[in-house]
Amino acid sequence: MSLEALLALLGQWAERGWLRELDRAFAAFLVEQAPDAEPRLILAAALASHQLGRGHVCLDLEATLADSRFALSLPPDGELEGTPLTLPGELLDGLDLAGWQAALADPRLVGEGAGVTPLVLAGPRLYLRRYWQYEREVRAGIDQRLARSKELRAALPVDALRQALDALFPKEEGAPADWQKLACALAAGNAFGIVTGGPGTGKTTTVVRLLALLQSLASARPLRIRLAAPTGKAAARLNESISGAVQKLELDGLPGGEGLREHIPTEVTTLHRLLGSRPDSRQFRHHPGNPLALDLLVVDEASMVDLEMMSALLGALPAKARLILLGDKDQLASVEAGAVLGELCSRAREGHYQGATRDWLEQVSGERIDDALLDAQGLALDQAVAMLRHSHRFSSASGIGQLAEAVNAGDVEASRTVWERGYADLARLALDAKDARSLRELVVDGGGRFFLNAAGREGVAPPQGYRHYLQLLRDGQPPLHAGQDAFDTWAQRVLEAHGQFQVLCALRRGPWGVEGLNLRIAELLQGEGLIQASGPWYLGRPLLVTRNDYGLGLMNGDIGITLALPREQDGELKWALRVAFADGKGGIKWVLPSRLQAVETVFAMTVHKSQGSEFTHAALVLPDALNPILTRELVYTGITRARSWFSLASAGRGQWVLESAIQRRVQRASGLLEAGD
């Protein structure tokens, strides 16, 4: 195919929505730079750009040649039949890896390392140069810190460390290895560390005790510690949990005792705020030339941090500063390109600890690592990763915990067994596009009848739907002449009640996606007389902030509720709509609706957007057909947003869609683990 014909085809793909216009424009730009370039090079460049939009750092040439439709999702599911367009696989017919690499051998456009070419070829992976550079910077920043582990361990006073760890983690007779204690010790002996684990495994508890430990061992001055999270919602949640954990911390057994508490930070910021984002720029105020003023940075919900942000973060750290990442390696990866935490933790379950690491940990903690987790060939990175293995949130009697474990293991048979056992905290229901009764029961009143054994759960409030917060909103509204404190208290109660239930979707579009369900749920609530949605703004409308707004102090992921405040107009008090947001400090931030530029109704939200949040009752809605976005990680993340009740609502072939998704893993093309080789 000629270059002219290829560019025309890429334009047709873009018109159909298969490619972004950006992908087509990038290919056209390269043709301008090299008008006689090999067409298969230009095709590879367009596909590499396309893959970035799907979360991949690069184009994996081997995977694309093996199964282009699966590797590229081109065309998207549902658009294959009857398409008159040439497909990527047809353009690659008869081509092998060596042949494609040979077609990419054009030094004007493709380099093999440092340089200025727009593309970089590293073995079977083709990168846009910027992302190749990010990957190198991230690996270099991590390796530089890993190289300090021997020095740091040698400088730690063993007896003082052992005493402090024993005080923070009292040993229970006959108990298995305490992985919180081991994680704490491991992180204390490294300049880079990761603590990963599922919901309720104690990541926050561990890191608070780690901060107390490190401050107790600091000799010259207290450490300068900062806490951060990727989104405002995640930061607010960590702020709340850290504050509670610090207050409960027993410090009597540590050098410095109660005096340490004031040096353990409880304020959590977003990564953008920490680095100092600049409007309309990818650059930050803090960078290698203007590093952050800190000794230790802790980042929670690290699975949401993309490659570009991780590069910026590591670049802004002082050379001697420590970095600790917290997160669930099995959750969905970041929306943007990269799956940094997942890749760094890919060997965490098996441990791969060297004998020297095991011996040092036993010496300072008194805990012994099982021989099954030892590996004489373990990598330096393995020695800095600790996986918490026991959930304190979900007991063995919890269906949510059992289902999450089965899904995470990709075990379809085990997931069927969980449903068959009829756990009290699990419900399944079928949805019908033509009959809204089941959906109405679920979203209005929580679908209590679908939880077959719910009556046996003593001390647990029944599952709620959206009626709960809307009724509290209506019944608890203060009178027109009430003081501001009364309205703030009302808003806090409404926001808390709203957090009792949330509908989660895999998709944005379609009848079972966010867009379709938000409309249907609003209609159902209006039919019940719970809202009066006569216009875009109405009492009770829940909103999700979709972009950081530093002027208003609102972050991507923040949720607010549209309420009414008294405002004077023409000499008398009248009701005026305002949106109430939690300010993260126990108060309420009231915002004029007209000032909110990047918000959307959030009766339903995507599972991606729900990361960093938890709900008493979460309902995951699966579509009636398989889609590339439906993976094990998405289902697992949706399930683990639920604290007490989980509903699985599905349309059409729900069981088949669920089981197919459980068997599909997110596979993002990247070379992060090889970047340091």
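Keep in mind that what you see is a predicted model, and the values were worked out from it rather than measured. (Residues numbered from 1 in each chain as written. Predicted model: local features only at pLDDT ≥ 70, side-chain atom pairs only at ≥ 80, totals over all residues. Heavy atoms only, no water.)

In terms of regular secondary structure, the chain is built from 26 helices and 20 strands. Its C-alpha radius of gyration of 26 Å places the chain within 12% of the 26 Å reference for a compact globule of 677 residues. The 677 residues of the chain split such that 56% are buried. Look at the contacts in the chain between residues 6 or more apart in sequence, and 73% of them connect residues 24 or more apart. (Helix = DSSP H or I, 4+ residues; strand = E, 2+ residues; numbered from the N terminus. Rg over C-alpha atoms; globule rule 2.2 N^0.38 Å. Buried < 20%, exposed > 50% of the residue type's maximum accessible area, 1.4 Å probe, protein only. Contact = heavy atoms within 4.5 Å.)

The next subject is the sheet that holds strand β3 (residues 119-122). The 4 strands are arranged β1-β4-β3-β2 in an open sheet whose pairing can be described as mixed. Only two strands of the sheet have a single partner each, and these edge strands are β1 (59-60) and β2 (110-111). Bridge count for β1 against strand β4 (residues 125-128) is 2 bridges, and the pairing is antiparallel. Bridging across to β4, Asp60 finds its partner in Arg125. This element, helix α3 (residues 39-53), spans β1, β2, β3 and β4 of the sheet and lies at about 70° to β4. (Pairing = 2+ DSSP bridges. Axes fitted to C-alpha atoms, helices over the stretch in contact; angles between N-to-C directions.)

Right, let's get into the side chain of Glu343. When you line up the elements, Glu343 lands in helix α16 (residues 340-344). The side chain of Glu343 sits in the buried core without any salt bridge; Arg139 is the nearest counter-charge, 8.2 Å away. (Lys, Arg positive; Asp, Glu negative; His and termini not counted. Salt bridge = Lys/Arg side-chain N within 4 Å of Asp/Glu carboxyl O.)

UniProt's feature table lists "domain: UvrD-like helicase C-terminal" (unreviewed entry) at residues 602-646, given in the numbering used throughout. Helix and strand shares over residues 602-646 are 27% and 36% respectively, and the end C-alpha atoms of the span are 18 Å apart. (UniProt positions renumbered as here; feature names shortened; annotations may be inferred.)

For the rest of this paragraph, the subject is the UniProt feature "binding site: ATP" (unreviewed entry) in the chain. As annotated by UniProt and renumbered to match this structure, "binding site: ATP" (unreviewed entry) occupies Gly197, Gly198, Pro199, Gly200, Thr201, Gly202, Lys203 and Thr204. Within the fold, Pro199 resides in the loop between β5 (192-196) and α12 (203-217). Of the residues examined, Pro199 reaches a relative accessible area of 13% and is grouped as buried. By the element assignment, Gly202 lies in the loop between β5 and α12.

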